[in-house]
Amino acid sequence: MNNSVTVIDNRTGKSYDFKILNGTRGPSVVDISSFYADTGMFTFDNGYTSTASCTSSITFIDGAKGELLYRGIKIEKLAEENSYLDVCYLLLNDALPSQEESKKFDLELRHRSFLHEELLELFKAFPSGSHPMATLSAAAAALSTFHFNHLDMCNESEYQTMARRIVAKMPTIAAFAYRHSIGASFIQPDITRSYTENFLYMMRAYPGGKMHVDPDGERSIKEIEIKALDTIFTLHADHEQNASTTSVRNVASTGAHPYVAISAGISALWGRAHGGANESVIKQLEMIGSVENVDAFISRAKDPEDEFRLMGFGHRVYKNFDPRARVLKNLQVQLQDELHLDSNLMQIASKIEEIALNDEYFVSRKLYPNIDFYSGVILTALKIPTSMFTPIFVIGRTVGWISQWIEFKKSKGTKIARPRQLYLGK
Ligand code: CMC
């Protein structure tokens, strides 16, 4: 066979051919779906470092070049020229919206941003002080009880309604989860505000108080904050088959409700090796405390006997600068100039970045600052509470998860996700 890979079992001398499949970009894959039937063995790939688990046309990453495309368009271009809602439309519809489509989409999401009154009881059932990520995961799952008909959807327009509903509601769920965590009453969505402004409003406003976009007001919402957060949402919108998206697809493969699949994605994202890193970055910078202590912590990160890792550094796919991190680095500089920021945390972060980008340990392992390194610092500058950093990642990523869910459902010949194991027990 020409376009194939041959595997030889050196114990028996038997050889087996496996077909090579080519995508439109990126590495080809070897189709090993018949490997067990042919050879009687499984393949072993701890952490799926060499495994493609599906076909997809949504997002493409070239980790060596540091390139990220949503539906074929570069992330830098989208972050510069498009709103987050237009990016949501792109991911869901495979094309950017016209002006009219964009307006209609925005309006529909504003109307869908409210939560059923009965869902509010769920938030109240959790102890105040609970982490918003835990509440968020539970509330996403609970949404399935209000929209149970989504379990039996069978056409594209139903998929799209289900998707717009959860994208619209996620900022409200996140803001309510936060307000409950600090014992504050809920602020209902204000449909005169844009998606991103509304989230800031629901999180920050005093009960009954008015809050407008105002460049001078102390507790107001500044245009630059809305733009920065909108960009952060765009940069987080999708990232192909990462741990949380794979969790969503695995749940989808069993036929469960789509909002329960999203809840699984939220839970997977919470861990600090994944989306939880943005919160850990700030906790780590606070622990380091001052620029003078940076060297000692870098030494700890390099010590193989020490479990300490530099949060916000390294990535499974990027072996070059994460393109999202590059956009955020520029945004950080812009915010520093416009908001006159020069905090102790920013100084520590700059020192770490400077050392790590030149240190042999980090250079040889291709450990660059990732998106979470800069987003943590920027969200702190925007006075976003640390416990809300990962929920903000959730808001941005919900559209990616649901787009991947729809793609899975529309694909032909999908199977339940069911890996095997190398048994070492009794
Ligand atoms: N600090 C110090 N050493 C590191 C770090 C780090 N942050 N990351 C990787 N290494 C070392 C690791 O010890 C190993 O060294 P050696 O070859 O000597 O054993 C080598 O680099 C390869 O690491 P790995 O753990 O095999 O790489 P991975 O692809 O399995 O893990 C990662 C990727 C992101 C989980 C890891 O780099 C990490 O834990 N980083 C810190 C947490 C973080 O910032 N996570 C956010 C990722 S980006 C956003 C997202 O996906 O949500």
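No experiment lies behind these values; they were computed from the predicted model shown. (Residues numbered from 1 in each chain as written. Predicted model: local features only at pLDDT ≥ 70, side-chain atom pairs only at ≥ 80, totals over all residues. Heavy atoms only, no water.)

Asker: Quick one: what's the story with empty space enclosed by the protein, residue by residue and with numbers?
Answerer: Taken as a whole, this structure holds two cavities of 30 Å³ or more when the rule is applied. Of the pockets and cavities examined, the largest cavity occupies roughly 90 Å³. In this structure, the largest cavity is lined by 13 residues; those nearest its centre are L109, R110, S113, Y195 and N198. Counting residues per element, the ones that place at least two in the lining of the largest cavity are α4 (99-111), α7 (156-181) and α8 (195-204). Classifying every residue of the lining of the largest cavity gives six nonpolar, four polar and three charged. Size it by volume and the second largest cavity reaches roughly 40 Å³. (1 Å grid on protein atoms, 1.4 Å probe; cavity = no way out; pocket = protein on both sides within 12 Å on 5 of 7 lines; lining within 4 Å. Points joined across faces, edges and corners; volume = space filled by probe spheres on them. Helix = DSSP H or I, 4+ residues; strand = E, 2+ residues; numbered from the N terminus. Nonpolar A, V, L, I, M, F, W, Y, C, P; charged D, E, K, R; others polar.)

Asker: Any details on the sheet that holds strand β3 (residues 29-30)? Residues and values, ideally.
Answerer: Across a sheet, paired strands are connected by hydrogen bonds in the backbone, their directions being either parallel or antiparallel. Sheet architecture is open: three strands sit in the order β1-β2-β3, paired in antiparallel fashion. Each edge of the sheet is formed by a strand with only one pairing partner; in this case those strands are β1 (4-8) and β3. Here five bridges tie β1 to strand β2 (residues 15-21), and the two strands are oriented antiparallel to one another. The residue bridging V5 from the neighbouring strand is F18, located in β2. (Pairing = 2+ DSSP bridges.)

Asker: I'd like to hear about the site of the ligand, residue by residue, with values.
Answerer: Taken together, 20 residues sit near the ligand, with H274, L310, G312, F313 and R316 positioned nearest. A distance of 2.9 Å separates an oxygen atom of the ligand from a polar side-chain atom of R316. When the free accessible area of the ligand is taken as 940 Å², the share hidden by the protein chains comes to 71%. Of the residues that constitute the shell around the ligand, the class distribution is nine nonpolar, six polar and five charged. (Near = heavy atom within 4 Å. Polar contact = N/O pair within 3.5 Å; in protein donor to acceptor, adjacent residues only side chain to side chain. Areas by Shrake-Rupley, 256 points an atom, 1.4 Å probe, with all protein chains shown as cover.)

Asker: Lay out unusual backbone geometry in plain terms, naming residues and giving numbers.
Answerer: In this structure, Y48 takes a positive phi of about 55 degrees despite not being glycine. Relative to the assigned elements, Y48 resides in the loop between α1 (35-39) and β4 (59-62). For Y48, a relative accessible area of 52% translates into the label exposed. (Buried < 20%, exposed > 50% of the residue type's maximum accessible area, 1.4 Å probe, protein only.)

Asker: Give me the packing of helix α6 (residues 132-146) against helix α11 (residues 258-270): which residues, what numbers.
Answerer: Two elements in contact, α6 and α11, have axes whose closest approach is 7 Å; the angle formed by their N-to-C orientations is 170 degrees. Put simply, α6 runs roughly antiparallel to α11. Residues M133, A134, L136, S137, A140, A141, L143 and S144 of α6 form the contact with α11, whose participating residues are Y259, V260, S263, I266, S267 and W270. Grouping the constituent residues of the contact of α6 with α11 by class yields ten nonpolar, four polar and no charged. (Axes fitted to C-alpha atoms, helices over the stretch in contact; angles between N-to-C directions. Parallel < 35°, antiparallel > 145°, perpendicular 65-115°, else oblique. Contact = heavy atoms within 4.5 Å.)

Asker: If you had to explain the environment of F199 to someone new, which residues and values would you point to?
Answerer: When you line up the elements, F199 lands in helix α8. On the accessibility criterion, F199 (0% relative accessible area) is buried. Sequence separation between F199 and M287 is 88 residues, and the spatial gap between their C-alpha atoms is 30 Å. The residues contacting F199, other than those within four sequence positions of it, are P171, A174, A175, L229, F233, M388, I392 and I395.

Asker: Requested: an account of the sheet that holds strand β5 (residues 67-70), with residues and values cited.
Answerer: Strand order across the open sheet formed by three strands is β4-β5-β6, with antiparallel pairing between neighbours. Looking at the sheet topology across the chains shown, the edges are occupied by β4 and β6 (73-74). Two strands pair when backbone bridges link them, and β4 and β5 are joined in this way by four bridges, in the antiparallel orientation. When the sheet's bridge partners are listed, I61 is paired in β5 with L68.

Asker: How would you explain the nonpolar core if you had to name every residue and give the values?
Answerer: A general tendency of soluble globular proteins is for nonpolar side chains to be buried together. Grouped together as the largest cluster of nonpolar side chains are 116 residues, with contacts concentrated most on M170, F199, I352 and W405. Per-element tally for this core: the top contributor is α7, with 13 residues. In this structure, M170 is in contact with L136, A140, I262, I266, V394, I395 and T398, ignoring residues within four places of it in sequence. (Core = buried A, V, L, I, M, F, W, Y, C linked by side-chain atoms within 4.5 Å.)

Asker: Could you give an account of the packing of aromatic side chains, naming the residues involved and the relevant values?
Answerer: Enumeration over the complete set of coordinates arrives at 17 aromatic pairs. Between the aromatic rings of Y195 and F233, the centroid separation amounts to 6.3 Å while the plane-to-plane angle is 80 degrees, which identifies the pairing as edge-to-face. Residue Y195 is found in helix α8, and its partner F233 is found in helix α9 (residues 223-236); the two are separated by 38 residues along the sequence. The residues Y195 and F233 share a single accessibility class, namely buried. Look at F297 and F308: their rings are 5.5 Å apart centre to centre, the planes differ by 50 degrees, and that puts the pair in the tilted class. Here F297, found in helix α13 (residues 294-302), pairs with F308, found in the loop between α13 and α14 (323-339); they are eleven residues apart in sequence, far enough to count as distant. A single burial state applies to F297 and to F308, both of which are buried. Ring pairing ties together the aromatic residues F313, Y361, F362, F373 and Y374, which thus form one cluster. R193 extends its terminal NZ or CZ atom over the ring of Y201, reaching a point 4.0 Å from the ring centre. (Phe/Tyr/Trp six-rings, centres within 6.5 Å; stacked < 30°, edge-to-face > 60°. Lys NZ or Arg CZ within 6 Å of the ring centre and 35° of its normal.)

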